[in-house]
Structures are given as structure tokens and as C-alpha cells.
Amino acid sequence: MKKRRFKKGDRVSWNSEAGRVSGTIARVVTSEIQFKGYTVHASKDEPQYEIKSGKTDHIAIHEGSALTRLAD
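### Some points on the overall build of the protein
Then, in step 1: For the protein, the helix and strand inventory stands at zero helices and seven strands.
Then, in step 2: With respect to the principal axes defined by its C-alpha atoms, the protein has extents near 30 × 25 × 20 Å.
Then, in step 3: Out of the 72 residues belonging to the protein, those deemed buried represent 33%.
Then, in step 4: The contacts of the protein with a sequence gap of at least 6 include a subset with a gap of at least 24, amounting to 44%.
Then, in step 5: As displayed, the protein offers around 5,200 Å² of accessible surface, 49% of which is attributable to carbon and sulfur atoms.
Then, in step 6: Taking the 14 positively charged and 9 negatively charged side chains of the protein as two groups, their mean positions are separated by 5 Å.

Next comes the structure, spelled out in C-alpha cells:
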């Protein structure tokens, strides 16, 4: 199965506790970082994506497998 890859500026959506959310990728994370008290295990081979919600300005980080690319 091909891994989903995204780049900064891509519009994406994902499922959250509040339902389907959409936003824009603000950063591609390719190394381990601390985010909201958690360790995000990311690498160049397994990047994670920092996303800013389009409605609330909330910031989230997700793996590519959790995201769906939206048409512009």
C-alpha cells in the first residue's frame, strides 16, 4: 500500500471527536518533537503533519494515513 504524502499548504480533512474536520498543513514533521505534552514519533520515512483547522485555528498533528486530501 502506498503511503500518503502531503506537503505544506495542502488542504486535508480528518476525523476527530467532534466529527469531520478540515484544515491546511502548516508543517511536515520529520523528527521526534514534543507537542501538547506528547512525544510525536516522526521521521523522514514516516512523517507526521501539523495541521491548522480552517474553522477554529486549532492545531493538530496526524499521520498521513489519517488524512484525506481535499480538492482546491
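Picking up where we left off.
### Observations regarding the layout of surface pockets
Then, in step 1: Considered as a void within the structure, the largest pocket measures approximately 370 Å³ in volume.
Then, in step 2: Surrounding the largest pocket, 19 residues form its lining, His-58, Ile-59, Ala-60, Ile-61 and His-62 being those nearest its centre.
Then, in step 3: Every element with two or more residues in the lining of the largest pocket is listed here: strand E1 (11-16), strand E4 (38-40), strand E5 (48-53) and strand E6 (59-63).
Then, in step 4: For the lining of the largest pocket, a count of residues per class yields nine nonpolar, eight polar and two charged.

### A word on unusual backbone geometry
Then, in step 1: A positive phi angle is found at Lys-36, which is not glycine, with a value near 50 degrees.
Then, in step 2: Taking relative accessible area as the criterion, Lys-36 reaches 52% and is therefore assigned exposed.
Then, in step 3: Phi angles above zero are rare outside glycine, and Asp-57 is one such case at about 65 degrees.
Then, in step 4: Mapping Asp-57 onto the fold places it in the loop between E5 and E6.

### Description of the nonpolar core
Then, in step 1: Formed by Phe-6, Val-12, Trp-14, Val-21, Ile-25, Tyr-49, Ile-51, Ala-60 and Leu-67, the largest nonpolar core amounts to nine residues.
Then, in step 2: Elements with a minimum of two residues in this core: E1, strand E2 (19-29) and E5.
Then, in step 3: Setting aside anything within four residues of it in sequence, one finds Ala-60 in contact with Trp-14, Phe-35, Tyr-49, Glu-50 and Ile-51.
Then, in step 4: Judged by nonpolar contacts, the second largest core, of six residues, contains Ile-33, Phe-35, Ala-42 and Ile-61.

Cut-off values and rules
Residues numbered from 1 in each chain as written. Predicted model: local features only at pLDDT ≥ 70, side-chain atom pairs only at ≥ 80, totals over all residues. Heavy atoms only, no water. Helix = DSSP H or I, 4+ residues; strand = E, 2+ residues; numbered from the N terminus. Buried < 20%, exposed > 50% of the residue type's maximum accessible area, 1.4 Å probe, protein only. Contact = heavy atoms within 4.5 Å. Areas by Shrake-Rupley, 256 points an atom, 1.4 Å probe, with all protein chains shown as cover. Lys, Arg positive; Asp, Glu negative; His and termini not counted. Charge placed at Lys NZ, Arg CZ, Asp CG, Glu CD. 1 Å grid on protein atoms, 1.4 Å probe; cavity = no way out; pocket = protein on both sides within 12 Å on 5 of 7 lines; lining within 4 Å. Points joined across faces, edges and corners; volume = space filled by probe spheres on them. Nonpolar A, V, L, I, M, F, W, Y, C, P; charged D, E, K, R; others polar. Core = buried A, V, L, I, M, F, W, Y, C linked by side-chain atoms within 4.5 Å.

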